[in-house]
Amino acid sequence: MAPGNSRVYADLSPLVAKGKASGKAIKEPAGFDLQAALGGPGSAAAGHARNDTADAELRVKKAWEVAIGPGKSLPMQAFMAWMSGTSVSIFSILITGMILMSPLRAIMGVQQAFAGLERGGKSAKVDLTMQKAVFVAINLAGILFGMYRLSIMGLLPTTTSDWLAFLPPKTYVEYSA
Amino acid sequence: MVAGRSLGRAALSAALLLGGLAFGLFPDEAGRIDWYRAQIGVPDRLLAHAHNGTTGIYATTEQGVLAAVDADSGELRWRQLLGEHIGALQLRGGRVLTQSGANESRVRVWDAHSGSLQWEFVQPPPARRAAGGAAAFVGDSEDVVAVAGDSLVRLAPGRAVPVWELRLNSTGTYRRLVVHGSSAFAVGERADGGGLRVVEAELASGRLQKQYDIADGVALGTGHTLVLDAGAHGVYVLWREAKSIVWQIHKLGLTRPLWDMYHAKLLQEELAPEDMLTSTLAELDSDSGSSTGTPRFALTYTKDRARKTVVIELIATSDRMDMRKLTVFRSDGAVVGGSAMPGARGAAVAVRTSGATWSVHGDGARAAKGEFAYAEAAHGPVVRAALYRTAAGSTRVLVQTGGGLLAALGPDSSEPLWVRDEALAHATDMAFLDLPPPASAAEHAAKATDPAVVTSAAARYLLRWAATARELGAWTAAGFGLLEQRDKAAHAAAATTGDHFGFHKLAIFGTRTGVVTALGTQGGARVWARYLAVDGASVAIEHVFVTRRCQPLGDAPPVVVVVGRGAQNATVVAALDALTGAPLADGRLRPLPFGHARAFVLPAVGDDGQQLVGLATDGAEPRLEVWPPTAAATQAFCAAATPFFFELGDGTGSMRVRGYRAECPAAAGTSLTTTRAWTFDLPEGEALVGAARYDGAQSTALLGRVLGDRSVLYKYINPHLGTLAAQRAGRGGVAVYLFDRVSGRLLHSAQHAAARVSAAHPFLATQTENRIVYQLWHDEIPGAAPARGYVTVVADLFESDRADVRDERAEFSSLDLRLPSVVMAAFVAPEPATALGTTRTASHITTRDVVFALSSGKLLAIPDPLLDPRRPVGALSADEQAEGLVPYMASLPLDPRRVLSHGHRVAGVRRVVSAPAHLESTSLVGAYGLDLFFTRASPSGTFDQLSPSFSKLNLVVTTLALAAGCLLGGPMVRRRLVARAWA
């Protein structure tokens, strides 16, 4: 290390020696890049590729967890919806609004939800399209559930009576007195 | 800056609040929200009677009312609604005797002070024709003799059967009864119309003494006959036969005329024979049974084109009866009357309409005269005059005008001592006029800134500001709107200015007595009145139409058109300024050269913005006359309302209703020919007993009815829907037909086998939107109808009996219509009704109440859900619950909370009317007939008004507290935000 070098670094070489001395292959923690830690390019090049693969798998696994996360809250929402009943009241409307708004908000923020997992450090971008699709699908299911709630509460304009007010009156051809 | 914004917000809130206060509704409008006027009708007999130190004026009226009016104040002391023709009235010693009823005859004695019934006698309907009616007290006893039914009877209080009864065997129509000595004399017109017949019965036993004829070709009460009771000297009948110049005098009890009397002797003046033929007699002592010993009468004659009246007294000389001339006076244009009170001095009163003067003529010394303030244009000429004396001894003149005004005049003041306007008891039609709201700054601005008036934008801007400044100035001058305006002109303007809520309108009535009167619906004060007459005869008004509304931005006055009949049934149409009552056309009112069968507003507007009026004439070739009778109006009608249909022949008793189509003339003209479009023949043996159609234009908020499952039953809305009720002659029963008035097509019929319609149980109906409500009397029929009573039937018309099925055509033509699906239900009415009406609101979003005017004088509003024919029997399903249906109950409740008239007895209601206010929740409801009553109804509750418990103070305090919080908290929050940014 040349004097005057202002780089501050931690000397992590004992970790390498220790590992080799004991003869045990200690798996490095996820995301730990020894080469990067040691600061020397080209060192531990063999483990680098192996770590990248593990990292990608891990990201995919985490992404799946994120993707099916909303599904876990669905039963809870259904229970709350059942508890609030189908009558039009402030409570049931609030619950239904929540059921509708949270998946909508989640769908809007789908990129942000997966951003950390999709691209991390120097590793290659992981393709999370499937996870995103599942995430969106589950949230869509939430929206559908919300719509169903609206429907059974009678808040969806799906019947003739909902359009009655817009019906134009007839014109009368004849006059009488 | 924040503080400034907060201040601005607070100021805005305060401004909004003040605005809210100015437009709020307050509960202290009691007496303005609803008002009531008890009336008696136009009297046909007026008698004054003093008893126990009080004088009352007792009247019987054409409407079958017996009433006592305070002689000093004109206030109604009591009234009894007999509801039948009153044939006799006599007063003795604090008792009132009446005979009423033509068929079933009732003789009643009432307490003059309280009006309570002392005793009565009911004579069942005679087997043969009824023979008039009369009644008289027997001397000073409690007994009464009366012509009741076809008998002469003597009655005594406390006896259920007559003391004696003498059958008259339909020999005549006896309308005069005099008790003299030991005999009772009944005088009447002979059954064959040949003259008068006298029946003399012995008072003690009822034995027929004599029965003979006098006075050939003469009838009672025509000005050619008089009955004079000279007390101990006998009773005399005075008459002059047609084309005879000699007056004949007959003493009752003798079988031939006693002596003749010549004009020259009576008048001490020679008359030409033709003048003798025009002379008439008038009774001066109105109470026919009051025996003064020296009866007086007036003889009026014309000599040298001057009309003179002689007051003559019948006196007994030493050996025989003689006539003495008391006084003679000029009576041109005067109504001559006598004393309404036995024994009152001053024999005759002459009241002149022109000049509004009165003069009393008697034995010279007591002559008095006076003037009175009087608006002939509003009340018509004086038609009756009488003299009476108050308990304090002062002489009063009682006048009655052709319009129906009663006024008491005194010698000391030209202002009447009291007046009673009884014209409205004879109202035949009424119309509401919406008044323009108070001219606000915004309206000034709208008027000032109409681009059509002022083209320059800058000028409009300045005008708008000027208008606002003017308004502000006026408001400040009026004590910020808190001071009451006492200025008379301002008060008059207020009477014809509406309010922001549309509660204050003009109710314009047309009456049978020829008076058109506008009353303010808030408080009921009279705004104007006008008496309509053609050639001296009052116009019997039948219809009142508002043909031009108030135009807030225009200067053309609103117009009310009244249609009536003059002499010989000729149609008379008058157009009046609806705010002042002034006639719009110059010149005298003239009868039109035809008599109308029906009159209606046409769906067309003339050049002057007035709606046109149609007058249909009946006959071999019915015609439609357009009013105003101008070619332009006819052209406007033909351009706007073709094809036009109307029907004739739906009156009571008709068996055929005919529909006509108006044909527009090729050449200019005011009259349209018609072609017969259809004929609606009732089944054999049926005759019409009632008909109904929509009352004015209808509008609807929702075209369908939403069911529990949110599907829709579409309403069948046909503006040409008509209802007919026909009674079968033989086995009875009433059929109700719903038909189309353009095509004559039967839409639906309902049979009521147990129903019966008569004058006592009329058919009543009201049509609104797709609903018809009618009431019928049902007799008990074993095995068929469970009970006697009034049944209310409700029929709702839908396009289909299946939900969501609709006739999709955008145009509705009666000539190609589909039959409706009718849902009906019957309910037991709580009480008999005399009229039905329906509440109307501005947008028809509020449900409608059906208002029943009950014969007990209540106005009962039955809410829409209770009259729903879809009310299910048994338990409600979920869908029915969701639809808001109420389980069916046969009887309609008489819920005291739904009685609009509160404690008032609104008697004799003939029609219930309604007009919308500007507030959707509220409807103005009026009822008229004998009495008048107005109120407001909110069928769905006052959902758009603040409740009386709403605390404005709380609102003000809360708003001020919030404003103060903003003001104080603003800088603190700002400081904290800055501090947090630095941390």
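Keep in mind the model is a prediction, meaning the values are calculated, not measured. (Residues numbered from 1 in each chain as written. Chains lettered and ligands numbered in written order. Predicted model: local features only at pLDDT ≥ 70, side-chain atom pairs only at ≥ 80, totals over all residues. Heavy atoms only, no water.)

### Observations regarding the overall build of chain A
Okay, step 1: If you tally the helices and strands in chain A, you get six helices and two strands.
Okay, step 2: Each helix (α) and strand (β) of chain A, taken in turn from the N terminus, gives the series α-α-α-α-α-α-β-β.
Okay, step 3: Burial status across chain A gives 26% buried among its 177 residues.
Okay, step 4: Across chain A, every contact between residues at least 6 apart in sequence was considered, and the portion connecting residues at least 24 apart equals 66%.
Okay, step 5: Summed over its atoms, the accessible surface of chain A is roughly 11,600 Å², and 68% of this surface lies on carbon and sulfur atoms. (Helix = DSSP H or I, 4+ residues; strand = E, 2+ residues; numbered from the N terminus. Buried < 20%, exposed > 50% of the residue type's maximum accessible area, 1.4 Å probe, protein only. Contact = heavy atoms within 4.5 Å. Areas by Shrake-Rupley, 256 points an atom, 1.4 Å probe, with all protein chains shown as cover.)

### Observations regarding the overall build of chain B
Okay, step 1: What chain B contains, in helices and strands, is ten helices and 66 strands.
Okay, step 2: Against the globule reference of 30 Å for 983 residues, chain B gives a C-alpha radius of gyration of 34 Å, in line with a compact fold.
Okay, step 3: Out of the 983 residues in chain B, the part that is buried amounts to 52%.
Okay, step 4: For chain B, long-range pairs separated by at least 24 residues make up 51% of all intrachain contacts whose partners lie at least 6 apart in sequence.
Okay, step 5: Carbon and sulfur atoms provide 55% of the accessible area of chain B, an area that totals close to 43,000 Å². (Rg over C-alpha atoms; globule rule 2.2 N^0.38 Å.)

### What about the interface of chain A and chain B?
Okay, step 1: With 21 residues of chain A at the contact, the number on the chain B side is 36 residues.
Okay, step 2: Carbon and sulfur atoms supply 55% of the area buried between chain A and chain B, which totals about 2,300 Å² over both sides.
Okay, step 3: At the junction of chain A with chain B, the criterion picks out three salt bridges.
Okay, step 4: One salt bridge in this structure joins A:Asp162 and B:Arg710, with 2.9 Å as the shortest N-O distance.
Okay, step 5: Counting across the interface, chain A meets chain B through 23 residue pairs in polar contact (both at pLDDT 80 or more).
Okay, step 6: Pairing between strand β1 (residues 171-172) of chain A and strand β59 (residues 811-812) of chain B: two bridges, direction parallel. Following the sheet pairing, A:Thr171 is matched in β59(B) by B:Glu811. (Buried area = accessible area lost by both parts, 1.4 Å probe. Salt bridge = Lys/Arg side-chain N within 4 Å of Asp/Glu carboxyl O. Polar contact = N/O pair within 3.5 Å; in protein donor to acceptor, adjacent residues only side chain to side chain. Pairing = 2+ DSSP bridges.)

### What to know about the sheet that holds strand β33 (residues 418-421) of chain B
Residues and elements named next belong to chain B.
Okay, step 1: Taking strand neighbours across the sheet as the criterion, the four strands line up as β30-β31-β32-β33 in an open arrangement whose pairing is antiparallel. The open sheet is flanked by β30 (382-389) and β33, the only strands paired with a single partner. Geometrically, the sheet is characterised by an average inter-axis angle of 15 degrees between neighbouring strands, direction not taken into account.
Okay, step 2: Sheet analysis places strand β32 (residues 405-409) next to β33, joined by four bridges and oriented antiparallel. Each residue of the ladder has a partner; that of Ala-408, found in β33, is Trp-418. (Axes fitted to C-alpha atoms, helices over the stretch in contact; angles between N-to-C directions.)

### A few points about the UniProt feature "transmembrane region" (unreviewed entry) in chain A
Residue and element names in this part refer to chain A.
Okay, step 1: Under the feature "transmembrane region" (unreviewed entry), the UniProt entry names residues 79-101 and 133-156.
Okay, step 2: The distance from the first to the last C-alpha atom of residues 79-101 is 17 Å, and the span holds 78% helix and 0% strand.
Okay, step 3: As annotated, residues 133-156 has a helix share of 83% and a strand share of 0%, and its two end C-alpha atoms lie 27 Å apart. (UniProt positions renumbered as here; feature names shortened; annotations may be inferred.)

### Thoughts on the nonpolar core
Residues and elements named next belong to chain B.
Okay, step 1: By size, the foremost hydrophobic cluster in this structure holds 23 residues, and its most contacted members are Leu-721, Val-734, Val-736, Phe-763, Tyr-774, Leu-776 and Leu-797.
Okay, step 2: Elements represented by at least two residues in this core include exactly β52 (721-728), β53 (734-740), β54 (746-752), β57 (771-778) and β58 (789-798).
Okay, step 3: Looking at which element gives the most residues to this core, the answer is β58, with four residues.
Okay, step 4: Apart from the residues within four sequence positions on either side, Leu-776 is in contact with Val-734, Val-736, His-752, Ala-755, Val-757, Phe-763, Gly-789, Tyr-790 and Val-791.
Okay, step 5: Formed by 22 residues, the second largest nonpolar core is a distinct cluster that contains Leu-228, Ala-230, Ile-249 and Tyr-301. (Core = buried A, V, L, I, M, F, W, Y, C linked by side-chain atoms within 4.5 Å.)

### Brief notes about the packing of helix α5 (residues 110-118) of chain A against helix α6 (residues 129-152) of chain A
Residues and elements named next belong to chain A.
Okay, step 1: Interaxial distance between α5 and α6 falls to 11 Å at its minimum, and their mutual angle equals 150 degrees. Taken as axis vectors, α5 and α6 run roughly antiparallel relative to one another. The handedness of the crossing between α5 and α6 is right-handed. From α5, Val-110, Gln-111, Ala-113, Phe-114 and Glu-118 reach across to α6, where they touch Gln-131, Lys-132, Phe-135 and Val-136. (Parallel < 35°, antiparallel > 145°, perpendicular 65-115°, else oblique. Left-handed = near helix turned anticlockwise from the far one by under 90°.)

### Overview of the state of the cysteines
All names here are of chain B.
Okay, step 1: Taken as a whole and assessed by the stated rule, the structure comprises one disulfide over all chains.
Okay, step 2: Put simply, Cys-638 and Cys-664 are joined by a disulfide, and their sulfur atoms are 2.0 Å apart. Negative torsions about the S-S bond denote left-handed disulfides, and the value of about -110 degrees found for Cys-638 with Cys-664 makes this one left-handed. Placement of the pair is Cys-638 in helix α8 (residues 631-640) and Cys-664 in the loop between β47 (656-663) and β48 (671-681), with a sequence separation of 26 residues.
Okay, step 3: The class for Cys-664 is partly exposed, based on a relative accessible area of 33%. (Disulfide = S-S within 2.5 Å.)

### Quick notes on the sheet that holds strand β6 (residues 86-92) of chain B
Two strands in a sheet stick together by hydrogen bonds in their backbones, pointing the same way (parallel) or opposite ways (antiparallel).
All names here are of chain B.
Okay, step 1: Taking strand neighbours across the sheet as the criterion, the four strands line up as β6-β7-β8-β9 in an open arrangement whose pairing is antiparallel. Looking at which strands have only one partner, the edges of the open sheet turn out to be β6 and β9 (117-123). Neighbour-to-neighbour, the strand axes of this sheet turn through a mean angle of 10 degrees, independent of strand direction.
Okay, step 2: Taken together, the six bridges between strand β8 (residues 105-111) and β9 define a ladder with antiparallel strand orientation. Bridged to Arg-106 within β9 is Val-122.

### A few points about the pattern of salt bridges
Two side chains that carry opposite charge are able to pair once their charged atoms sit near each other.
Okay, step 1: A complete count under the given rule lists 54 salt bridges over all chains for this structure.
Okay, step 2: A salt bridge links A:Glu65 to A:Lys62; the nearest nitrogen and oxygen atoms lie 3.3 Å apart. Taken as a pair, A:Glu65 and A:Lys62 lie in helix α3 (residues 45-84) at a separation of three residues, close to a single helical turn.
Okay, step 3: Under the relative-accessibility criterion, A:Lys62 is labelled partly exposed at 42%.
Okay, step 4: Residues B:Arg512 and B:Glu62 are paired through a salt bridge, measuring 2.9 Å at the closest nitrogen-oxygen approach. Here B:Arg512 is found in the loop between β35 (505-511) and β36 (515-520), whereas its partner B:Glu62 is found in the loop between β3 (54-61) and β4 (65-70), with 450 residues between them in sequence.
Okay, step 5: You can call B:Arg512 partly exposed: its relative accessible area is 40%.
Okay, step 6: Ionic contacts of the salt-bridge type, sharing partners, join the residues B:Arg705, B:Arg771, B:Asp796, B:Asp864, B:Asp868, B:Arg870 and B:Glu883 into one network.

### Thoughts on a nonpolar patch on the surface
Residue and element names in this part refer to chain A.
Okay, step 1: On the surface, a nonpolar cluster with roughly 520 Å² of combined accessible area is contributed by Met-76, Phe-79, Trp-82 and Met-83.
Okay, step 2: Among the secondary structure elements, Phe-79 is positioned in helix α3.
Okay, step 3: Classification of Phe-79 by relative accessible area gives partly exposed; the value is 44%. (Patch = residues over 30% accessible without salt bridge, like charges linked within 9 Å, V, L, I, M, F, W, Y side chains within 5 Å.)

### Quick look at the packing of helix α4 (residues 90-108) of chain A against α6(A)
Residues and elements named next belong to chain A.
Okay, step 1: Orientation of α4 relative to α6, taken along the N-to-C sense of each, is 155 degrees, at an axis distance of 8 Å. Looking at the two axes, α4 sits roughly antiparallel to α6. As α4 runs across α6, the sense of the crossing is left-handed. Residue-level inspection shows Ser-92, Thr-96, Ile-99, Leu-100, Pro-103, Leu-104, Ala-106 and Ile-107 of α4 in contact with α6, the latter providing Phe-135, Val-136, Asn-139, Leu-140, Gly-142, Ile-143, Phe-145, Gly-146, Met-147, Arg-149 and Leu-150.
Okay, step 2: When the residues that make up the contact of α4 with α6 are grouped by side-chain class, the tally is 13 nonpolar, five polar and one charged. (Nonpolar A, V, L, I, M, F, W, Y, C, P; charged D, E, K, R; others polar.)

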